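# Analysis of the macromolecular model
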Amino acid sequence: MKQFVQMTAVLIISLGFLSTCQTKPVKDKPHHTKSGFRNVNPNFENKNLINVIWWQIERLSLRNSLDPKDYPEFPTLHNDGKTLRSNQKSLSVTWVGHASTLIQLDNVNILTDPIWSERCSPVSFAGPKRFTKPGLSLDDLPPIDIVILSHNHYDHTDLPTLKELERRFHPRFFIGLGNQTWLQKEGLGSVSEMDWWDKIEVKGIRLHFTPSQHFSGRGLFDRDETLWGSYVLEGKSQKVYFGGDTGYYSHFREIGERFGSFDVAILPIGAFEPRWFMAPVHVDPAETVQAFVDLRAKYLIPIHYMTFVLSDEALDSPVPLAKEAMAKLKKSEDALVPLKIGETRFF
């Protein structure tokens, strides 16, 4: 029974990749359709049930190599949050794990895609389990003002964590179109949904919801009914980009051109193998580095690795590959800031 439930949870997550009937885009907003949303890349390739099954068959031969017990010990730090709670001036980024970071900008505390749960799954007792603990406990957080959510997948919109943040801090939550009603029904007090290129000012921070190339869905039949995206955070003198979860496309270059440059780009770097399956929706390390260049950023902080096994590459493989890509593009390795889980960097 337990094995059946486990397989069911994995199947629900995997089926998010399935294609659905793509209705025509709305004329003035090409990423809108009559039933939801779409990626604007004309070469974007949806995957079907046969693709999902074939990938799972391939994974059977990799099962032993995916066992984290064989990995070296992951570099993690215990962050007691004391410095973060006293910081009122400096831009800082702390990696909690996966796509969860704490950004401090102009004395405003912002969490990205927070997940403190043991599993990223529709059920709490099965599905992908985390292999590194959060680097910062909920008890050690500074008061959280803003929570930004890139899309509604379970590893990025984790309801148990969001409800606990609501209980403790009553922050403002931001997410793409189509998500406000159900999140408010789940008990979140202040939820604002945004379309691509929408802007809102909160506590002096100009928050922009910007494009990405991904998809949405939390069940078998709600594919692309809600919008996915990335964020630009503009303070008084510094700018941060949070990429969420995305494949590579021209949106990085467009965002870089619109906003000039970024002090820090927080970009996904993991969950990229096998490429034939993952490429449309997950950048690989070389594409992450190219996105960093497109965004005209000073520093690149990689995320979305070393926490959950969601794909076929080793959890500790992305950073060495990113260093190779930086060298090929003749970019200083100092611009790559691979934080340890729990580590804070001030800029």
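What you are looking at is a predicted structure, and each value in this text was computed from that prediction instead of being measured. (Residues numbered from 1 in each chain as written. Predicted model: local features only at pLDDT ≥ 70, side-chain atom pairs only at ≥ 80, totals over all residues. Heavy atoms only, no water.)

### So, the overall build of the protein
Helix and strand content of the protein: 9 helices and 15 strands. Counted over contacts in the protein with a minimum sequence separation of 6, partners at least 24 positions apart contribute 70%. Accessible surface for the protein amounts to roughly 15400 Å². Of this, 52% is attributable to carbon and sulfur atoms. (Helix = DSSP H or I, 4+ residues; strand = E, 2+ residues; numbered from the N terminus. Contact = heavy atoms within 4.5 Å. Areas by Shrake-Rupley, 256 points an atom, 1.4 Å probe, with all protein chains shown as cover.)

### Remarks on the packing of helix α8 (residues 285–294) against helix α9 (residues 318–328)
Relative to each other, α8 and α9 sit at 50°, their axes nearing to 8 Å. By the angle between their axes, α8 is oblique relative to α9. Relative to α9, α8 is oriented so that their crossing is right-handed. For the pair formed by α8 and α9, the contact residues are P285, A286, V289 and F292 on the first element and P318, L321, A322, A325 and M326 on the second. (Axes fitted to C-alpha atoms, helices over the stretch in contact; angles between N-to-C directions. Parallel < 35°, antiparallel > 145°, perpendicular 65-115°, else oblique. Left-handed = near helix turned anticlockwise from the far one by under 90°.)

### Some thoughts on the environment of E273
With respect to the element layout, E273 can be found in the loop between β13 (262–268) and α7 (275–278). Distance from E273 to A314, taken between C-alpha atoms, is 9.2 Å for residues 41 residues apart in sequence. Ignoring any residue separated from it by four or fewer positions in sequence, one finds E273 in contact with M278, S311, D312 and E313. One polar contact links the side chain of E273 to the main-chain amide nitrogen of R275, over a distance of 3.4 Å. (Polar contact = N/O pair within 3.5 Å; in protein donor to acceptor, adjacent residues only side chain to side chain.)

### A few points about the confidence of the model for the protein
In this model, the protein carries a mean pLDDT of 91, and residues with pLDDT of at least 70 account for 89%. Contacts for the low-pLDDT stretch residues 1–8, under 50 throughout, to residues beyond four places or in other chains number 6 contacts. (pLDDT = per-residue confidence, 0-100.)

### Structural notes on the sheet that holds strand β5 (residues 108–112)
Pairing is mixed across the open sheet formed by 7 strands, whose spatial order is β8-β7-β6-β5-β4-β3-β15. A single partner strand is all that each edge strand has here, and the edge strands are β8 (190–194) and β15 (344–346). Strand-to-strand twist of the sheet, defined as the mean angle between neighbouring strand axes without regard to direction, takes the value 20°. Looking at chain direction, strand β3 (residues 92–97) and β15 are connected through 3 bridges and run antiparallel. Residue S92 lies in a different strand from β15, and its bridge partner there is F346. (Pairing = 2+ DSSP bridges.)

### Concerning α9
Within α9, the full set of buried residues consists of P318, V319, A322, A325 and M326. Burial along α9 is one-sided: seen end-on, the buried residues are contained in an arc of 115°. More than 90 degrees from the buried face of α9, the exposed residues found are A327 and K328. Of the surrounding elements, those touching the buried residues of α9 are α8. Phi turns positive, to about 55°, at K330, one or two residues after α9. (Buried < 20%, exposed > 50% of the residue type's maximum accessible area, 1.4 Å probe, protein only. Arc of directions from axis to C-beta.)

### Digging into the packing of aromatic side chains
Evaluated as defined, the whole model comprises 9 aromatic pairs. Centre to centre, the rings of F259 and F262 are 6.1 Å apart; their planes meet at 45°, and the pair counts as tilted. Across the pair, F262 and F259 agree in class, each one buried. A network of ring pairs unites the aromatic residues Y241, Y248, F252, F259 and F262 as a single cluster. Sitting above the plane of the W197 ring, R258 keeps its charged end 3.6 Å from the centroid. (Phe/Tyr/Trp six-rings, centres within 6.5 Å; stacked < 30°, edge-to-face > 60°. Lys NZ or Arg CZ within 6 Å of the ring centre and 35° of its normal.)

### Describing the pairing of strand β4 (residues 100–105)
Counting buried residues in β4 gives 6 out of 6 residues, a clear majority hidden from the surface. Of the two faces of β4, the one lined by S100, L102 and Q104 and the one lined by T101, I103 and L105 are each fully buried. Of the pairings in the sheet, the one linking β3 to β4 comprises 5 bridges and is antiparallel in character. The partner of G97 across the bridge, within β4, is S100. Connecting β3 to the next strand, β4, in antiparallel fashion are 2 residues, including H98 with a positive phi near 55°. Bridge count for β4 against β5 is 5 bridges, and the pairing is antiparallel.

### So, the sheet that holds strand β14 (residues 297–303)
Spatial ordering of the open sheet is given by β9-β10-β11-β12-β13-β14, a layout of 6 strands whose pairing is mixed. Of all strands in the sheet, those with a lone pairing partner are β9 (199–202) and β14, marking the two edges. Neighbour to neighbour, the strand axes of the sheet diverge by 20° on average, direction disregarded. Bridge analysis of strand β12 (residues 239–242) against β13 gives 3 bridges, and the strand direction is parallel. Counted as the bridge partner of V240 is V264 from β13. Running over the sheet, α8 touches β13 and β14 and is turned about 150° from β14.

### Digging into the nonpolar core
Within the largest apolar cluster, 59 residues are counted, with the highest numbers of intra-cluster contacts made by I148, L233, I266 and L267. For this core, the leading source of residues is β13, giving 5 residues. Apart from the residues lying within four places of it in its own chain, the contact partners of I148 are I110, L111, T112, D113, P114, F174, L207, Y231, L233 and F242. Core analysis: the next-biggest nonpolar cluster, separate from the first, contains 19 residues, L136, L162, F173 and L183 among them. (Core = buried A, V, L, I, M, F, W, Y, C linked by side-chain atoms within 4.5 Å.)

### Focus: the pairing of β5
Of all 5 residues making up β5, 5 are buried, and the element is well covered by its neighbours. Where β5 and strand β6 (residues 146–148) come together, 3 bridges link them in parallel fashion. Each residue of the ladder has a partner; that of L111, found in β6, is V147.

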